[in-house]
Amino acid sequence: MRFMMLMLPKGYENAAPGTLPDLKAIATMRKYNEDLGKAGVLLALDGVHPPSMGARVTFSGGKAQVTDGPFAEAKEVFGGFWILQVKSREEAIEWAMRCPASDNETIEIRQVIEFTDFPAEVQAEMQKAFGEPS
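The shown structure was predicted, so the numbers you read here are calculated from the model rather than taken from an experiment.

Undergrad: Could you give an account of the side chain of E13, with specific residues and numbers?
TA: Tracing the sequence through the fold places E13 in the loop between strand 1 (2-9) and helix 1 (23-38). Apart from the residues lying within four places of it in its own chain, the contact partners of E13 are P51, P70, A74, K75 and V77.

In structure tokens, the structure reads:
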């Protein structure tokens, strides 16, 4: 099972362009990321720049509209992510609980949709359209 863990730092929705974590935070998180790698559960990870450097594309009536960040209506935004391959939701939660996050950070855990999560008839149609899943 794959799970995505999203880091939600409070206040990041208002962070200035180019805001980056300090060296101490990077060093602390690096050790945690190394532990994930050594355990063989880490598939991917990255941090992302604040919303002030981003854009959102919304769709209405068949037309796309671009809004540059920051986004006034944003209450929580993510600052980075990990994708883990683990045996259960509980194992993903255990890994999240080991994260050296600060008091202003929350980790949201979401299971990635797998091919086998779809009903058999949907899987058959997907196989016809796209071939065997990888």
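Alright, that's what it looks like, and here's the rest.
Undergrad: So, helix 2 (residues 89-98): which residues are in play, and what are the values?
TA: Structurally, the α-helix is built with 3.6 residues per turn, so residues lying three or four positions apart point the same way. Every buried residue belonging to helix 2 is among A92, W95 and A96, and all of these are buried. Down the axis of helix 2, the buried side of the element spans an arc of 100°, and every buried residue falls inside it. Considering only its buried residues, helix 2 is in contact with strand 1, helix 1, strand 5 (80-85) and strand 6 (105-111).

Undergrad: Which residues make up the layout of surface pockets, and what are the values?
TA: Taken as a whole, the largest pocket spans an internal volume of roughly 740 Å³. What lines the largest pocket is a set of 28 residues, and nearest its centre among them are M7, P21, M29, G79 and E105. Broken down by secondary-structure element, the contributors of at least two residues to the lining of the largest pocket are strand 1, helix 1, strand 2 (42-47) and strand 5.

Undergrad: Residue-level account of the side chain of S88, with values.
TA: In this structure, S88 sits in the loop between strand 5 and helix 2. At 3.1 Å, the side chain of S88 forms a polar contact with the backbone nitrogen of E91. Setting aside residues no more than four positions away along its own chain, S88 makes contact with M1 and F3.

Undergrad: Break down a nonpolar patch on the surface for me, citing the residues and quoting the values.
TA: Where nonpolar side chains cluster on the molecular surface, the patch consists of V57, F59 and V66 and spans about 330 Å² of accessible area. Relative to the elements of secondary structure, V57 occurs in strand 3 (residues 55-60). For V57, a relative accessible area of 46% corresponds to the partly exposed category.

Undergrad: Please provide a residue-by-residue account of the nonpolar core, values included.
TA: If you look at the biggest cluster of nonpolar residues, it comprises 15 residues, and the most contacted ones within it are Y32, W82 and L84. Those elements giving two or more residues to this core turn out to be strand 1, helix 1, strand 5 and helix 2. Grouped together as the second largest cluster of nonpolar side chains are five residues, Y12, F71, A74 and V77 included.

Undergrad: Summarise the sheet that holds strand 2; cite the residues concerned and give the values.
TA: On the basis of which strands lie adjacent, the open sheet formed by four strands has the order 2-5-1-6 and antiparallel pairing. The sheet is open, and its two borders are formed by strand 2 and strand 6, each paired with just one other strand. When strand polarity is set aside, the average angle formed by the axes of neighbouring strands in this sheet is 15°. Relative to strand 6, strand 1 runs antiparallel, the two being bridged by seven bridges. Along strand 6, the bridge assignment pairs M7 with I107. Running at roughly 20° to strand 5, helix 1 makes contact with strand 1, strand 2 and strand 5 of the sheet.

Undergrad: Before we move on, can you summarise the pairing of strand 4 (residues 63-68) with the specific residues and values?
TA: Little of strand 4 sits inside the fold, with zero of its six residues counted as buried. Examined bridge by bridge, strand 3 and strand 4 share six bridges and lie antiparallel to one another. Looking at strand 4, one finds that T58 is bridged to Q65. With antiparallel pairing between neighbouring strands as the criterion, strand 3 and strand 4 make up a hairpin whose turn holds two residues, including G61 at a positive phi of roughly 60°.

The rules behind these values
Residues numbered from 1 in each chain as written. Predicted model: local features only at pLDDT ≥ 70, side-chain atom pairs only at ≥ 80, totals over all residues. Heavy atoms only, no water. Helix = DSSP H or I, 4+ residues; strand = E, 2+ residues; numbered from the N terminus. Contact = heavy atoms within 4.5 Å. Buried < 20%, exposed > 50% of the residue type's maximum accessible area, 1.4 Å probe, protein only. Arc of directions from axis to C-beta. 1 Å grid on protein atoms, 1.4 Å probe; cavity = no way out; pocket = protein on both sides within 12 Å on 5 of 7 lines; lining within 4 Å. Points joined across faces, edges and corners; volume = space filled by probe spheres on them. Polar contact = N/O pair within 3.5 Å; in protein donor to acceptor, adjacent residues only side chain to side chain. Patch = residues over 30% accessible without salt bridge, like charges linked within 9 Å, V, L, I, M, F, W, Y side chains within 5 Å. Areas by Shrake-Rupley, 256 points an atom, 1.4 Å probe, with all protein chains shown as cover. Salt bridge = Lys/Arg side-chain N within 4 Å of Asp/Glu carboxyl O. Core = buried A, V, L, I, M, F, W, Y, C linked by side-chain atoms within 4.5 Å. Pairing = 2+ DSSP bridges. Axes fitted to C-alpha atoms, helices over the stretch in contact; angles between N-to-C directions.

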